[in-house]
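Architecture at a glance
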Amino acid sequence: AQKVTQAQTEISVVEKEDVTLDCVYETRDTTYYLFWYKQPPSGELVFLIRRNSFDEQNEISGRYSWNFQKSTSSFNFTITASQVVDSAVYFCALSANTDKLIFGTGTRLQVFP
Amino acid sequence: DAGVTQSPTHLIKTRGQQVTLRCSPKSGHDTVSWYQQALGQGPQFIFQYYEEEERQRGNFPDRFSGHQFPNYSSELNVNALLLGDSALYLCASSPGLADYEQYFGPGTRLTVT
């Protein structure tokens with residue numbers, strides 16, 4: 001069975017703090033893809049990153065960074081120096097052997113000024 | 001370059017009625033997937049269309065059906081609406097059947113009373 005778990009339901013931080021959103025996944029497939037999406041209050045899911053299972057290199061994009069560890073089946077997302085505009089619900093997703101996305105339940109991030 | 005568009009934005013229907021939601025994919029994309037997102041949950045995969053055929057289907061009853069047109073746009077139809085069908089319906093497009101990143105539209109908020 002394939003599953004994505006985002007144990008943090010809601011996180012609140014003050015602007016400029018760093019914050020890490022956790023994602024743990026389950027799959028028996030050796031080839032799979034992991035994704036992060038941002039969902040602001042408008043509702044549209046915004047694509048952030050896609051990683052394949054053979055690439056464990058960490059990735060940094062501006063204030064965003066991702067840590068992929070196959071040994072712990074985790075794909076965590078860190079926002080450095082958070083800003084109010086980062087407030088949203090963040091979803092981790094998995095696709096394996098098929099391109100349907102299996103989403104976690106999301107983590108609501110609130111950044112206060 | 002237009003992104004994924006969906007219509008209508010909001011819809012209110014009564015139990016037992018039928019509804020049709022529409023989606024136009026991002027330019028250059030030929031694959032359309034539909035997701036249902038209940039309040040406070042992650043999106044759930046309904047089905048995917050490619051070359052005007054349903055390629056994959058999630059765990060949804062036959063009341064949910066779809067269609068893809070030669071111009072790659074798609075419709076989602078739901079018959080015999082139930083209160084539990086109230087949700088945000090998201091359309092996503094991608095440039096093929098492999099594990100490409102899927103780009104989402106703003107969604108249609110369906111309320112069943």
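Residues numbered from 1 in each chain as written. Chains lettered and ligands numbered in written order. Predicted model: local features only at pLDDT ≥ 70, side-chain atom pairs only at ≥ 80, totals over all residues. Heavy atoms only, no water.

1. What about the state of the cysteines?
All names here are of chain A.
- Counted under the stated rule, the structure contains 2 disulfides over all chains.
- What pairs with Cys23 in a disulfide is Cys92, and their sulfur atoms sit 2.0 Å apart. Disulfide Cys23-Cys92: torsion about the S-S bond near -65°, hence left-handed. Taken together, the residues span a long stretch of sequence, with Cys23 in the loop between strand S3 (19-21) and strand S4 (24-26) and Cys92 in strand S10 (residues 88-95) at a distance of 69 residues. (Disulfide = S-S within 2.5 Å. Helix = DSSP H or I, 4+ residues; strand = E, 2+ residues; numbered from the N terminus.)

2. A look at the interface of chain A and chain B
- Residue-level contacts link 19 residues of chain A with 22 residues of chain B.
- Summing the contributions of chain A and of chain B, the shared interface buries around 1700 Å²; its carbon and sulfur component is 49%.
- Looking only at chain A, the three residues that lose the most surface to chain B are A:Leu45, A:Asp99 and A:Lys100, adding up to 32% of its buried area.
- Between chain A and chain B we count 0 salt bridges in total. (Contact = heavy atoms within 4.5 Å. Buried area = accessible area lost by both parts, 1.4 Å probe. Salt bridge = Lys/Arg side-chain N within 4 Å of Asp/Glu carboxyl O.)

3. Quick word on the side chain of A:Asp86
Residue and element names in this part refer to chain A.
- The topology assignment puts Asp86 in the loop between strand S9 (74-79) and S10.
- Overall, Asp86 belongs to the buried group, its relative accessible area being 1%.
- Within the structure, Asp86 has its side chain in polar contact with the side chain of Arg63 (distance 2.8 Å).
- Polar side-chain contacts of Asp86 include one of 2.8 Å to the backbone nitrogen of Gln83. (Buried < 20%, exposed > 50% of the residue type's maximum accessible area, 1.4 Å probe, protein only. Polar contact = N/O pair within 3.5 Å; in protein donor to acceptor, adjacent residues only side chain to side chain.)

4. What about the packing of aromatic side chains?
- All chains considered together, the criterion is met by 20 aromatic pairs over all chains.
- Seen in terms of ring centroids, A:Phe35 and A:Tyr37 are 6.3 Å apart; in terms of plane orientation they differ by 25°. Their pairing is stacked. Each of the two residues, A:Phe35 as well as A:Tyr37, counts as buried.
- Relative to A:Trp66, the ring of A:Tyr64 has its centre 6.0 Å away and its plane inclined at 85°; by these criteria the two rings are edge-to-face. Pair check on accessibility: A:Tyr64 and A:Trp66 agree, each one buried.
- These aromatic residues form a ring-pair network of at least three members: A:Phe35, A:Tyr37, A:Phe47, A:Phe91, A:Phe103, B:Tyr35, B:Phe45, B:Tyr103 and B:Phe104. (Phe/Tyr/Trp six-rings, centres within 6.5 Å; stacked < 30°, edge-to-face > 60°.)

5. Quick look at the sheet that holds strand S8 (residues 74-78) of chain B
Residues and elements named next belong to chain B.
- Strand order in the open sheet formed by 4 strands is S1-S3-S8-S7, with antiparallel pairing between adjacent strands. The open sheet has two free edges, formed respectively by strand S1 (5-7) and strand S7 (64-68), since each of these has just one partner strand. Strand-to-strand twist across the sheet, computed as the mean angle between neighbouring axes with direction ignored, equals 20°.
- Examined bridge by bridge, S1 and strand S3 (residues 19-24) share 3 bridges and lie antiparallel to one another. If you follow Gln6 over to S3, its bridge partner there is Cys23. (Pairing = 2+ DSSP bridges. Axes fitted to C-alpha atoms, helices over the stretch in contact; angles between N-to-C directions.)

6. Quick notes on the pattern of salt bridges
- Counting across every chain of the model gives 7 salt bridges over all chains.
- Taking the shortest distance from any N to any O, the salt bridge between B:Arg55 and B:Glu51 comes out at 3.2 Å.
- The exposure class assigned to B:Arg55 is partly exposed, which follows from its relative accessible area of 37%.
- The partner of B:Glu54 in a salt bridge is B:Arg57, with the nearest N and O atoms 3.1 Å apart.
- For B:Glu54, a relative accessible area of 36% corresponds to the partly exposed category.
- Look at B:Arg57 and you get partly exposed, because its relative accessible area is 28%.
- Ionic contacts of the salt-bridge type, sharing partners, join the residues A:Arg51, A:Asp55 and A:Glu59 into one network.

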